[in-house]
Every structure is written in structure tokens, then in C-alpha cells.
Amino acid sequence: MKRLKTFFFLLCCLPFAACDKEEPSVLPQKDILSLDEAAEQIGLPGQQFAFDLIHKIAQNAEQENILLSPYSILSTLNMAYNGANGSTKDAMAKVLKQRNLSLSQLNSGYKVIREYLSKQRSGIRFQAANGAFWDNNKVEPFEEFLDRLAINYDAEANQLDFSQPAAVETINDWVKSKTEDKIYQIIENIPLEESLFLVNAPYFQGEWWKPFPRATIEEAHFFPQGQDEPLEVPFMWQDDRHFFYEGEDFTAVDLPFADTSAFTMTMLMPREEQTLLDFIGAFNAEDLQKLYDEQLRLDRVLLRMPLFELSYKINLRDVLSELGMEKAFSNTDANFSQLSSTSSNIHLTRVKHQTYLNINDAGADGTQSAPVPPTDGSNLPTVLSFERPFLILLRDKKTNAIVFIGQIAQP
């Protein structure tokens, strides 16, 4: 069967300089969210964070492919948020869309979402490993901080000596093992000022509920924005019943994976007169929920979509700073006093994000023939051809979590 595979990684680094110790102020873990509450109060706001983030990046990369994992980014930044305090914490909460949640509500909500997403499902494999790596010669994290990460994020604690070359190898090997060898080197060295790494390494592999027959693959035109000449790229097509929307504003289709109760991939293509950048800037989480709740309808569709493979890397420091998190990166203004007693100079230095996505036609039945559309004019399907730049989202229906969001400018 056709498989879609995604591999994600995000890295936050928290360097610091020593100062006098102070006692931590830890919020009690007594406000516990249910899965439905977490989907409403964490999953839905997280969707808006995803749109804010990709729109900010796309403003300087309109002609490029972009692939982000909002779930991965939020997981890692939420671990860092557990160590934040004062105006740094307030700024992070605003950017991450979490101002209405206590720390215990946020942590318990992510715990139930993580546990739900990690359940075994037919034809789907999803796991998201979290880890903390630090040098005790540079920073001594509070036990309460590490306990919160372990309990709510299942984060593995790893104490290393960053002055030894083996520390880099240990971190890279950990990421490699968690991403099925797809990401084998995330850091080349550890600068002297960096003392702690928070890492999230998700892995997703899924089979389509309705596979695309291999025999349908053919070269066809894709029309990149702002280019006179089209690209010749492999397309596949399928004549079947799908949830789709075709309006004057945009076209969308929602494709479920093998377990139809869980993950789906949504593709959204704006009208020809509108750029994808303008569409992303105008589209928000409320529009997405309206699409799912009101606009999608199930009917016969002749769907044409390109095959593509993406590998994407970015340091999100500048983007997150522009969205309002600049204090977290300041070596003078950042306040991470809930992370360690060495509080005067702990700050984020980089937010390194790396993703991989492969959509192809690898099938269990390579000799399967293509369906033949009717030619007598009766019961003709709606034709949806994703031959211009479009947006993709892989989300979980129950939790509203967006595992990834991407801009396909040139497949």
C-alpha cells in the first residue's frame, strides 16, 4: 500500500552563566485536563500557532517548500516553558497560545494527548520521544523541573560531560534511534556556552485508507507560482469517494490513513488568482474547523496529486523572536529561574527544527491496474487537480493536534 512517512526533530539549547542559588517555585499538579478538554484548550490553539508560524516563514520563502511539525515544536517549547518565569513565561504563553492555562493544566493536557497519539493503530505508527541532555558542570536542573518533564512528557534524563566528544555522539545516536535512522546528525558540536538540550524526535508512518494504484502514475504539469514554465512532475490519481470542498475561495480534500478514526492529511489549494502566501495569511484555525465541521462533503472525486519528497531544516530563533518570544533568547532579559538555580543567564540560543516527508506510491500490489473513469457522461466525478502550490496538514481528529503543516511550492 502507498505509504506516507514523516520524521521530525526539534532542538532547544539553554546556555547559562553561574550565579547565586535561589529556591524554585513549583506550581502544584492538581489541575488535570481530560482528553476532550486538552483537544479543546491545547489542540485547537495549537492549530493557530501552526498557521502563525508557517505564515511568518513563508513571507521570506514564498517560492520554497516548507515542512514544519507544530506538535514537535510545541512539545519542546512547552518543556522549556516549564522552566520559564515572569515576563519570559508570559511572552512564551502568548506566542504558544497558552495564556488561559495553568502550568499544571498545560502539562496534564499534553500528557493525555501524547499518550493518545502513541496508541497502537492498524496501518499507523506514531511515536514522539522527548529527552533532556545537560552537563552538570554547567547547570544543575531542579529535580521538580526534571520530574515534570518525565511525568508529563515522558522525557528521558541524560547527564553528560559536554567537554567530551562522546556527548555529541550520544545526542546524535539518540535522535538517530528515535527517527528510525532517518536523521543521523542533528548537532556537529556543542559550543562552550551551551549547557542543556531539550529534544523532541517524532516519527510517523502511515498507510492510506484508500491506496493510490501504481498504474495511475504519469508525468504532468505543475504550475509554480511566479514562473512562466510549468514543471514536469509525477502525478497519481484516484477515482473514489472522498471528503472534499470546492468553493470560490479554495479547494480542499481530506484523506484518511488506515485507521480512519485517527490521522488524516488535508490538502488546501487557493483559487488561481490568489497566492498561497496570501491564502495562508488569511486562513486561520477557525476557518480550518469550519472546513472540517461544515464544508467537507463525501462524494465521488477524481483526485490528481503530485508525488513528492521533502527534507527541511530551519533555525526558528528569528521567527519565534518576531512572533514575540525575543525575551527567551536574550542573555540579559530571559528568566528561566524555574529550571535551575543558575538563573541570571539561562536563555534559549537556537531552536533547530528538522523534518522529512515522503509521499510515494510504494504499494503491496505493484501490478494493480488503474480504474477507468466512465466515458458516457453519466455520474461524472468532481475533478480535483492539485497542480498549483498548496498547503498540507497532517492532523489527528480526536486531539486536533497538527503533526505537520507544509507549503508545497514545487514538488
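As a reminder, the structure under discussion sits directly above these lines.
Here's a quick rundown of the structure.

The rules behind these values
- Residues numbered from 1 in each chain as written.
- Predicted model: local features only at pLDDT ≥ 70, side-chain atom pairs only at ≥ 80, totals over all residues.
- Heavy atoms only, no water.
- Helix = DSSP H or I, 4+ residues; strand = E, 2+ residues; numbered from the N terminus.
- Buried < 20%, exposed > 50% of the residue type's maximum accessible area, 1.4 Å probe, protein only.
- 1 Å grid on protein atoms, 1.4 Å probe; cavity = no way out; pocket = protein on both sides within 12 Å on 5 of 7 lines; lining within 4 Å.
- Points joined across faces, edges and corners; volume = space filled by probe spheres on them.
- Core = buried A, V, L, I, M, F, W, Y, C linked by side-chain atoms within 4.5 Å.
- Contact = heavy atoms within 4.5 Å.
- Phe/Tyr/Trp six-rings, centres within 6.5 Å; stacked < 30°, edge-to-face > 60°.
- Lys NZ or Arg CZ within 6 Å of the ring centre and 35° of its normal.
- Pairing = 2+ DSSP bridges.
- Nonpolar A, V, L, I, M, F, W, Y, C, P; charged D, E, K, R; others polar.

1. Remarks on the environment of V403
For V403, the location among the structural elements is in strand β15 (residues 402–408). Since its relative accessible area comes to 1%, V403 is described here as buried. Placed 334 residues apart in sequence, V403 and S69 show a C-alpha to C-alpha distance of 5.4 Å.

2. With respect to empty space enclosed by the protein
Taken as a whole and judged by the stated rule, the model has 3 cavities of 30 Å³ or more. What the largest cavity holds in volume is close to 100 Å³. Lining the largest cavity we find I42, G43, G46, Q47, P70, Y71, L74, Y110, I113, N400, A401 and I402. Elements represented by at least two residues in the lining of the largest cavity include exactly α1 (35–58), α2 (70–81) and α4 (103–117). Residue contributions to the lining of the largest cavity peak at 4 residues, all from α1.

3. A look at the environment of L316
Along the chain, L316 falls in the loop between β11 (308–315) and α9 (317–325). For L316, a relative accessible area of 0% corresponds to the buried category. Sequence separation between L316 and R350 is 34 residues; the distance between their C-alpha atoms is 7.0 Å.

4. As for the nonpolar core
F263, M267, L303 and L391 are the most contacted members of the largest nonpolar core, which has 113 residues in total. Sort the elements by how many residues they give to this core and α1 lands first, with 10 residues. Setting aside chain neighbours within four positions, we find F263 in contact with L117, R121, I124, F126, F204, P256, F257, L394, R395, D396 and V403. Formed by 16 residues, the second largest nonpolar core is a distinct cluster that contains F162, A167, V168 and F197.

5. With respect to the packing of aromatic side chains
Summed over the entire model, instances satisfying the criterion amount to 15 aromatic pairs. Pairing F162 with F197 gives two aromatic rings, centres 5.5 Å apart and planes at 65°, and the pair type is edge-to-face. Placement of F162 in the loop between β4 (155–160) and α6 (165–178) and of F197 in strand β5 (residues 196–207) is noted, with a sequence separation of 35 residues between them. Ring geometry for F250 and F279: centres 5.5 Å apart, planes at 55°, overall tilted. Residue F250 is found in strand β8 (residues 250–256), and its partner F279 is found in helix α7 (residues 276–282); the two are separated by 29 residues along the sequence. No difference in accessibility class separates F250 from F279, as the two residues are buried. Aromatic rings pair up to connect F51, Y245, F250, F279 and F283 into one cluster. It is R304 that lies over the ring of F235; its NZ or CZ is 4.7 Å from the centre.

6. Structural notes on the pairing of strand β12 (residues 351–359)
Burial within β12 is extensive, with 8 of its 9 residues counted as buried. Note: β11 against β12, 8 bridges, orientation antiparallel. The residue of β12 that forms the bridge with Y312 is T355.

7. Some details on the layout of surface pockets
Volume-wise, the largest pocket comes out at about 300 Å³. Forming the boundary of the largest pocket are 17 residues, of which F243, D254, T264, R395 and K397 lie nearest the centre. For the lining of the largest pocket, the secondary structure elements donating two or more residues are β7 (231–246), β8 and α8 (285–295). The residue makeup of the lining of the largest pocket, split by class, is 6 nonpolar, 5 polar and 6 charged.

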